[in-house]
Amino acid sequence: MSNAIPPGITYVNDRFLEASEATVSIFDRGFLFADAIYEVSSVLEGGLVDNPAHLARLQRSLGEVDLPLPLAPEKITGLQRELIERNRLHEGLVYLQITRGPANRDFAFPSSPQPTLVMFVQHKKIVDNPAAKSGISIITSPDLRWARCDIKSVSLLAASMAKQAALDAGADDTWMVENDRITEGSSNNAWIVGSEGNLITRHLGSEILPGITRSVVLRLAQEEGLEVEERAFTVAEAKSAAEAFSTSAASFVVPVVRIDDRVIGDGKPGPLTREIRKRYIKSAMESARSDIDEARSNSQESR
Ligand code: PDD
């Protein structure tokens, strides 16, 4: 992964700025305390995918840490769209982060916070992604994160260490484990397929992020009449699964073909996983197109 900051237009507190000009204070609580919430929405054909659900989760996370939403969700959506346009983003990600802002360093929350809102985009081929064709290998390791993983906070060091440990071991990602049960991937939700073609993914709770992709895949699976179990599963169960995959806005549905020393299925992406990926991409494309339609009708109304 290149370390270079890619050029482009970013958004920092009311202003669109070149990436090289985009800075925040060293006293920002996002920097000092990881006192910040973020969201990542994917973009296909220039349209936002499942964005209202991402913004609803943003509001929920902010509420859990008593941080006010600095702008109305419609305004945030407008800024996300403007950023996509300014960067000519066809396919990739829009990253958004809200911090409690700069304040004298003190563990207590400042009484009148001045939140920081930053956004940037990342160009990325999500649909035509080699990992989706080959599948990825993962390792398992203890979940070292905090006790409120349902909050999308930027406190990501444990997740980052988990990802790096996978790369150092020659694998692609880590599924994290608590009490011998998989919680989730370093930045994705974990799924397995049982011998009857049943889907299994961990139930919601404070141990995992309520993934937006997870919720859409659950809906699509139910529409297909697939049996779905939302429950914790053990490492052994994962290793003997018929198929395995992960879900996230950054990569959609990614087949897992190896877990630690065990090959999953025949070592190739499983048929159900491939089908679910296909269905998810179709749904994501529809969502992106309806986002573009909505943006158009808003701009006509405002003329
Ligand atoms: N990560 N679990 C964790 C710990 C995550 O960080 C993510 C997303 C998910 C999947 O959520 P969703 O389907 O809403 O993207 C699950 C984003 C993509 C990131 O940190 O870059």
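In this text the structure is predicted, and so the values were computed from the model without any measurement.

Caption draft 1: Summary view of the nonpolar core. Of all hydrophobic cores here, the largest spans 27 residues; its most connected members are Leu44, Leu199, Phe245, Phe252, Ile276 and Tyr280. At the level of elements, strand 3 (36–44), strand 5 (92–99), strand 10 (189–193), helix 6 (212–223), strand 14 (252–259) and helix 8 (271–301) are the ones that each hand at least two residues to this core. With seven residues, helix 8 is the single largest residue contributor to this core. For tyrosine 280, the residues in contact, after removing those within four places along its chain, are Val49, Asp50, Thr213, Val216, Val217, Leu220, Phe252 and Val253. In terms of nonpolar packing, the next biggest core, distinct from the first, is built from 22 residues, Ile9, Val65, Leu67 and Leu89 among them.

Caption draft 2: How the structure looks around the site of the ligand. Around the ligand, the surrounding shell holds 19 residues, and the nearest of these are Tyr38, Glu184, Ile212, Thr213 and Ala249. The contact in question runs from an oxygen atom of the ligand to an N or O atom on the side chain of threonine 213, over 2.6 Å. Look at the ligand: alone it shows 470 Å² of surface, and the protein chains cover 90% of it. Secondary-structure elements contributing two or more residues to the shell around the ligand are strand 3, helix 2 (51–64), helix 6 and strand 13 (243–248). Among the residues forming the shell around the ligand, the class breakdown is six nonpolar, nine polar and four charged. Viewed by domain, the shell around the ligand spans two of them, domain 1 (9–123) and domain 2 (130–285), each represented by three or more residues.

Caption draft 3: Structural context of the packing of helix 6 against helix 8. The contact between helix 6 and helix 8 brings their axes to 10 Å, and the two run at 110 degrees. Between helix 6 and helix 8, the crossing angle belongs to the class labelled roughly perpendicular. Residues Thr213, Val216, Val217, Arg219 and Leu220 of helix 6 form the contact with helix 8, whose own contacting residues are Ile276, Arg279, Tyr280 and Ser283. Residues that form the contact of helix 6 with helix 8 fall into these classes: five nonpolar, two polar and two charged.

Caption draft 4: Seen up close, the side chain of asparagine 188. When you line up the elements, asparagine 188 lands in the loop between strand 9 (181–185) and strand 10. Reaching out from asparagine 188, the side chain makes a polar contact with the side chain of aspartate 173 at a distance of 2.9 Å. Not counting chain neighbours up to four residues away, the residues in contact with asparagine 188 comprise Asp173, Trp175, Ser246, Thr247 and Ser248.

Caption draft 5: Examining the pattern of salt bridges more closely. A complete count under the given rule lists 24 salt bridges for this structure. Of the charged contacts, one joins arginine 29 and aspartate 35 as a salt bridge, the two residues approaching to 2.7 Å between their closest N and O atoms. According to the relative accessible area criterion, arginine 29 is buried, its value standing at 2%. With a closest N to O distance of 3.1 Å, arginine 81 and glutamate 294 form a salt bridge. Placement of the pair is arginine 81 in helix 3 (residues 73–86) and glutamate 294 in helix 8, with a sequence separation of 213 residues. The class of glutamate 294 is partly exposed, set by a relative accessible area of 42%.

Parameters and conventions
Residues numbered from 1 in each chain as written. Predicted model: local features only at pLDDT ≥ 70, side-chain atom pairs only at ≥ 80, totals over all residues. Heavy atoms only, no water. Core = buried A, V, L, I, M, F, W, Y, C linked by side-chain atoms within 4.5 Å. Buried < 20%, exposed > 50% of the residue type's maximum accessible area, 1.4 Å probe, protein only. Helix = DSSP H or I, 4+ residues; strand = E, 2+ residues; numbered from the N terminus. Contact = heavy atoms within 4.5 Å. Near = heavy atom within 4 Å. Polar contact = N/O pair within 3.5 Å; in protein donor to acceptor, adjacent residues only side chain to side chain. Areas by Shrake-Rupley, 256 points an atom, 1.4 Å probe, with all protein chains shown as cover. Nonpolar A, V, L, I, M, F, W, Y, C, P; charged D, E, K, R; others polar. Domains from an automatic or database assignment. Axes fitted to C-alpha atoms, helices over the stretch in contact; angles between N-to-C directions. Parallel < 35°, antiparallel > 145°, perpendicular 65-115°, else oblique. Salt bridge = Lys/Arg side-chain N within 4 Å of Asp/Glu carboxyl O.

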